[in-house]
Protein chains: 2
Amino acid sequence: MLSTVPVMFSYWAKPHHALELHQALNDHMADACNAHPRHYAGIGTVPLQSPRLAVQELERCMDQLGLQGVQIGSHVNDWNLDAPELFEFFQAASELGAAILVHPWDMMGTASMPKYWLPWLVGMPAEQSRAACSLVFGGVLERLPKLKICMAHGGGSFPYTIGRIEHGFNMRPDLVATDNPRNPREYLARMYFDSWVADDRALRYLLDTCGVSRVMLGTDYPFPLGEQTPGAGIASLGLGEADQARLYHGTALEWLGLPKSRFA
Amino acid sequence: MLSTVPVMFSYWAKPHHALELHQALNDHMADACNAHPRHYAGIGTVPLQSPRLAVQELERCMDQLGLQGVQIGSHVNDWNLDAPELFEFFQAASELGAAILVHPWDMMGTASMPKYWLPWLVGMPAEQSRAACSLVFGGVLERLPKLKICMAHGGGSFPYTIGRIEHGFNMRPDLVATDNPRNPREYLARMYFDSWVADDRALRYLLDTCGVSRVMLGTDYPFPLGEQTPGAGIASLGLGEADQARLYHGTALEWLGLPKSRFA
C-alpha cells in the first residue's frame, strides 16, 4: 500500500494551490497502482485546510482514480481532528468506505526541541496520541462507526498511555467526557494501528492491547526512522501462521476494502 | 516520600522571588519530615531559572534541612535539561548525592490542545520523554554517572518509545548522537522510574523494559490523575515478595539514600 509522503500535505498553502498539487500527486499514485495492480494499492492526499475541497478530491480518489482512501495529518493547522469543520470530511470518508491513514505531522514542541531530532523521536508519538484522543473524545468515531481509521507508527504513545487516558476520563469527566460519554478504551477495537514501533517488546504490547486483528504491517519506508527490512519486526515475534498472515496482509486488506485475489 | 506540587515551581517568576517561595516551601517540608521522621522523607524545590540560586538552595536542602533531594520540571522555560546553563545544578546534585525527581510541567502543545484535558493526557507523557532524551543525548547522565534521576509518571512515553529513540540514534547519528555517542537504551539502567502508569499491562512493560530494580511506587497523590489507592497497581500484578518489596520501598530507599531503619 503506497501513500504520499506527509511533507506533501501542504496544509499551510492556499487551498486551491494545495488541491492542484494533490491532484497531480493522486493522478501519479493512480498511474503507479494501475501499472502494477498486483503489487500496489494506493491512498491519496487531500487539502484538508479546505474540508469542502478535501471532500471533492476524496470523491475523485475513490470514484475516478481507484484509490482506497487518503492519508491525513495528526492535526490540520489550528484544527485538531475533532474540529467541527472537519466532520464533513470524515462523514464523506465513512460514506465512501475510504481508508484513512493518520500520520504524525507538524509536531507539537518542535520550536522548543531543536536538538537530537526530538520532534521525530518525542513529538511524533505525542502527535498520534493527540490525534487518536481527538477522534475519540470529539465523538468522531462514535458518530461514524463505519469510519476506517488507521493510526500510523503504532498509534504513537496512545496505546501505551490508554490506561492514563482512561483514568483521566474516569476521574475528570467534566474535562474529558464533555463531547462523548463512552470509555476511550473501547475505541482500541474500532481503530487500526500499523505495526511500526521499532521494538519487539513494544510490538507485543501493541498486539496484546489492541488485538492482532487491529494491527497491520507498517514500514515508514523509505524514511530512516522506518523499518529497514519491512516485516522483520513481526517476523521476530515468532507468531503462529494465522496471526502472521493477519499482520502481513489480512488486517490491511480489511482496512483497504480489497480482496486478497487482487494481488494473486 | 513527600514532594512539593509542581505548580509551585514558579520558573516564570523573578529568581529571587521564586527563591523566597521555595525557601518557605522547603522549610515547611523539613518541618513535616522532622515532626514525623518514621513516616516521611522529603524532597524540596529550587528556582532553576537561576542555576546559581538553585544550587544554593539545593545545598541548604541537603546540608541544613535534612531533605533527600529536589523535584524539578521536565524543562525550565526555554531550557531543556541538556542546557549548558543547567549543568552546574546537576553537577552539584551529583556531588551532594541528591535525589532528583523529574516531573512533567509546562506541557508542550498546551496552546493547541484546549479540550479534553489533553495537556495532561498527551502532553505530560511527551514531556517526560523530552526530559529523559535531553538528559541522555545531552550527555548529562554520561558525564555524571552518580546522578540519581527518577522520572515521574513511569517516564511517560520514554520507556515505550525507547526502540524508536534507539532506532533514530542508530539511523541518524548526525542528528541524534551529536553530544553523546552512547546508545540511549543503556540509560534505562541508569535512571529510576516511578510506577504510576495507571495500567497493569503498561506497568508490566515498564518492569520488563527498565527492570524491577529501577522502578519505585509512585502515586501522583493527591491529584485526580494519581493512583487513588496507592500501591494497588503494583499489588495487582501478583509479583513475588522480593519484587514487591523492591517496588514498594527498596528502590525508593536506594534512590533517596536512606536506610530502611529510618522508618522502623
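The rules behind the values
Every chain's residues receive numbers from 1 upward, in the order its sequence appears when written. Chains carry letters from A onward and ligands carry numbers from 1 onward, assigned in written order. Reporting of local features is limited, given that this is a predicted model, to residues whose pLDDT is at least 70; pairs of side-chain atoms are given and counted only at 80 or more, and all residues count toward the totals for whole chains, interfaces and linings. Excluded from the side-chain calculations are hydrogens and water; all other atoms, namely the structure's heavy atoms, are used. Labels follow the DSSP assignment, with helices taken as runs of H or I lasting at least four residues and strands as runs of E lasting at least two, numbered in each case from the N terminus. Using C-alpha atoms as the atom set, the radius of gyration is obtained and then compared with a globule rule of 2.2 Å times the number of residues to the power 0.38. Three exposure classes are used, based on accessible area relative to the maximum for each residue type with a 1.4 Å probe and protein chains only: buried under 20%, partly exposed in between, and exposed over 50%. Contacts are residue-level and defined by heavy atoms, with any inter-residue pair within 4.5 Å sufficient. Accessible surface is estimated by sampling points in the Shrake-Rupley manner with a 1.4 Å probe; for residues, cover comes only from the protein chains shown. For the charge count, each Lys or Arg is scored as positive and each Asp or Glu as negative, with His and the chain ends excluded. A charge is said to be at NZ when it belongs to Lys, at CZ for Arg, at CG for Asp and at CD for Glu. Any two strands are treated as partners once DSSP identifies two or more bridges connecting them. The handedness of a crossover follows from its direction of travel: if, with the strands pointing away from the viewer, the path from the first strand over the helix to the second runs clockwise, the crossover is right-handed. Put simply, buried area is how much 1.4 Å-probe accessible surface two parts lose in total, over both of them, once they are put together. Any Lys or Arg side-chain nitrogen found within 4 Å of a carboxyl oxygen on Asp or Glu counts as a salt bridge. Two N or O atoms form a polar contact when they lie within 3.5 Å of each other; inside protein one atom must be a possible hydrogen donor and the other a possible acceptor, and for residues adjacent in sequence the pair counts only when both atoms belong to side chains. In this description, a nonpolar core means a group of buried Ala, Val, Leu, Ile, Met, Phe, Trp, Tyr and Cys residues linked to one another through side-chain atoms lying within 4.5 Å. Each patch groups residues whose relative accessible area exceeds 30% and which form no salt bridge, using 9 Å between like charges and 5 Å between nonpolar side chains of Val, Leu, Ile, Met, Phe, Trp and Tyr. Alignment of the copies relies on least squares applied to C-alpha atoms, considering only residues that score at least 70 for pLDDT in both. A pair of Phe, Tyr and Trp rings is counted when the ring centres sit within 6.5 Å of each other, with Trp represented by its six-membered ring. The angle between the planes then sorts it: under 30 degrees is stacked, over 60 is edge-to-face, the rest tilted. Whether a charge sits over a ring depends on NZ of Lys or CZ of Arg being within 6 Å of the ring centre and within 35 degrees of the ring normal. The span you would expect from a helix comes to 1.5 Å times its residue count less one. The term bend refers to the angle at a residue between two fitted axes, each drawn through seven residues, those ending there and those starting there.

A few points about the overall build of chain A
Then comes step 1: Within chain A one finds 10 helices and seven strands.
Then comes step 2: Against the globule reference of 18 Å for 264 residues, chain A gives a C-alpha radius of gyration of 18 Å, in line with a compact fold.
Then comes step 3: The principal-axis extents of the C-alpha atoms in chain A amount to approximately 50 × 45 × 40 Å.
Then comes step 4: Out of the 264 residues belonging to chain A, those deemed buried represent 59%.
Then comes step 5: The contacts of chain A with a sequence gap of at least 6 include a subset with a gap of at least 24, amounting to 70%.
Then comes step 6: Put simply, chain A shows about 10300 Å² of open surface, and 53% of that area lies on carbon and sulfur atoms.
Then comes step 7: Distance between charge centres in chain A, computed from 20 positive and 27 negative side chains, equals 3 Å.

Structural notes on the sheet that holds strand β5 (residues 192–194) of chain B
All names here are of chain B.
Then comes step 1: Sheet architecture is open: six strands sit in the order β1-β2-β3-β4-β5-β6, paired in parallel fashion. If you trace the sheet from one side to the other, it starts and ends with β1 (44–45) and β6 (215–216), each paired once.
Then comes step 2: Examined bridge by bridge, strand β3 (residues 99–103) and strand β4 (residues 148–151) share four bridges and lie parallel to one another. In the sheet register, Leu 101 faces β4, and the bridge partner there is Cys 150.

Points about the pairing of strand β4 (residues 99–103) of chain A
All names here are of chain A.
Then comes step 1: Of all five residues in β4, five are buried; the element is thus mostly enclosed.
Then comes step 2: Note that strand β3 (residues 69–73) and β4 share five bridges and pair parallel. Within β4, the position partnered with Gln 71 by the bridge is Leu 101.
Then comes step 3: Remark: the β3/helix α3 (residues 87–96)/β4 crossover connection has right-handed handedness.

Structural notes on the interface of chain A and chain B
Then comes step 1: The interface of chain A with chain B comprises 55 residues on the first partner and 55 residues on the second.
Then comes step 2: When the buried surface of chain A facing chain B is broken down by residue, Tyr 116, Tyr 160 and Arg 164 of chain A rank first, second and third, together holding 21% of it.
Then comes step 3: Its salt-bridge partner being Lys 115 of chain B, residue Asp 179 of chain A comes within 3.1 Å of it at the nearest N-O pair.
Then comes step 4: Put simply, chain A and chain B have 26 residue pairs in polar contact (both at pLDDT 80 or more) between them.
Then comes step 5: Elements represented by at least two residues in the side of chain A that touches chain B include exactly α4 (118–137), α6 (162–171), α7 (173–176) and α8 (200–210) of chain A.
Then comes step 6: Per-element accounting of the side of chain A that touches chain B gives the leading share, 12 residues, to α4 of chain A.

Some thoughts on the sheet that holds strand β2 (residues 42–45) of chain A
Then comes step 1: Taken in spatial order, the seven strands make up an open sheet running β1-β2-β3-β4-β5-β6-β7 (chain A), and their pairing is parallel. Sheet topology places β1 (2–3) and β7 (215–216) of chain A at the edges, where each strand pairs with a single neighbour.

Describing the nonpolar core
Most often, soluble globular proteins have nonpolar side chains that are buried together.
Then comes step 1: Counting residues in each nonpolar core, the largest one holds 144 residues, and the members touching the most others are Phe 89 and Phe 90 of chain A together with Phe 89 and Phe 90 of chain B.
Then comes step 2: With sequence-adjacent residues up to four places away left out, Phe 89 of chain B is seen in contact with Val 46, Leu 48, Ala 54, Val 55, Leu 58, Val 70, Ile 72 and Ile 100 of chain B.

Regarding a nonpolar patch on the surface
All names here are of chain A.
Then comes step 1: A cluster of nonpolar side chains, contributed by Val 5, Val 7 and Phe 223, occupies part of the molecular surface with about 220 Å² of accessible area.
Then comes step 2: When you line up the elements, Phe 223 lands in the loop between β7 and α9 (232–235).
Then comes step 3: For Phe 223, a relative accessible area of 34% puts it in the partly exposed group.

Focus on the pairing of β3 of chain A
Residues and elements named next belong to chain A.
Then comes step 1: Summarising burial for β3: five of the five residues are buried, a large majority.
Then comes step 2: Every second residue of β3 is oriented toward a common face, with Gly 69, Gln 71 and Gly 73 on one face and Val 70 and Ile 72 on the other, all of them buried.
Then comes step 3: By the bridge criterion, two bridges tie β2 to β3 in an arrangement that is parallel. Its bridge partner being in β3, Thr 45 is matched across the sheet by Gln 71.
Then comes step 4: Viewed along the sheet, the connection from β2 through helix α2 (residues 51–63) into β3 turns out right-handed.

Remarks on the relation of the copies chain A and chain B
Turning one copy of the chain about an axis and sliding it along that axis gives the other copy, so a rotation and a shift relate them.
Then comes step 1: The two copies are related by a screw motion: chain A maps onto chain B through a turn of 180 degrees and a shift of 0.0 Å along the axis, at an RMSD of 0.0 Å. The operation mapping one copy onto its partner corresponds to a two-fold rotation axis.
Then comes step 2: By residue overlap, the copies meet face to face through one surface: 100% of the interface positions of chain A are interface positions in chain B.

Some words on the packing of aromatic side chains
Then comes step 1: Inspection of every chain in the model, using the stated rule, returns 16 aromatic pairs over all chains.
Then comes step 2: With centroids separated by 5.3 Å and ring planes inclined at 65 degrees, the aromatic side chains of Phe 89 of chain B and Phe 90 of chain B adopt a geometry described as edge-to-face.
Then comes step 3: With a relative accessible area of 0%, Phe 90 of chain B lands in the buried category.
Then comes step 4: Joined through ring pairs, the aromatic side chains of Tyr 160 and Tyr 205 of chain A together with Tyr 160 and Tyr 205 of chain B make up one cluster.
Then comes step 5: Taking the ring centre of Trp 117 of chain B as reference, the NZ or CZ of Arg 172 of chain A above it sits at 5.7 Å.
Then comes step 6: Positioned above the aromatic ring of Tyr 192 of chain A, the side-chain terminus of Arg 214 of chain A is 4.2 Å from the ring centre.

Some details on helix α8 (residues 200–210) of chain B
Residues and elements named next belong to chain B.
Then comes step 1: Among the residues of α8, Ala 202, Leu 203, Tyr 205, Leu 206, Leu 207, Thr 209 and Cys 210 are the ones counted as buried.
Then comes step 2: If you check the start of α8, you find a side-chain oxygen 3.0 Å away from the backbone N of Arg 201, and it comes from Asp 199.
Then comes step 3: In the stretch just after α8, Gly 211 is the one whose phi turns positive, near 95 degrees.

Quick look at α4 of chain A
All names here are of chain A.
Then comes step 1: For α4, which comprises 20 residues, the first-to-last C-alpha distance of 27 Å matches the rise-based estimate of 28 Å (1.5 Å per residue) to within 8%.
Then comes step 2: Bending of α4 peaks at approximately 35 degrees at the position of Met 124, with proline Pro 125 no more than four residues after it.
Then comes step 3: Of all 20 residues in α4, 19 are buried, a share of seventy percent or more.
Then comes step 4: Just downstream of α4, Gly 139 is the residue with a positive phi angle, here 80 degrees.

Remarks on the pattern of salt bridges
Residues and elements named next belong to chain A.
Then comes step 1: Under the defined criterion, the tally for this structure stands at 24 salt bridges over all chains.
Then comes step 2: For Glu 186, the salt bridge goes to Arg 182, with nearest N and O atoms at 3.0 Å.
Then comes step 3: Residue Glu 186 is classed as partly exposed on the basis of its relative accessible area of 38%.
Then comes step 4: You can call Arg 182 partly exposed: its relative accessible area is 32%.

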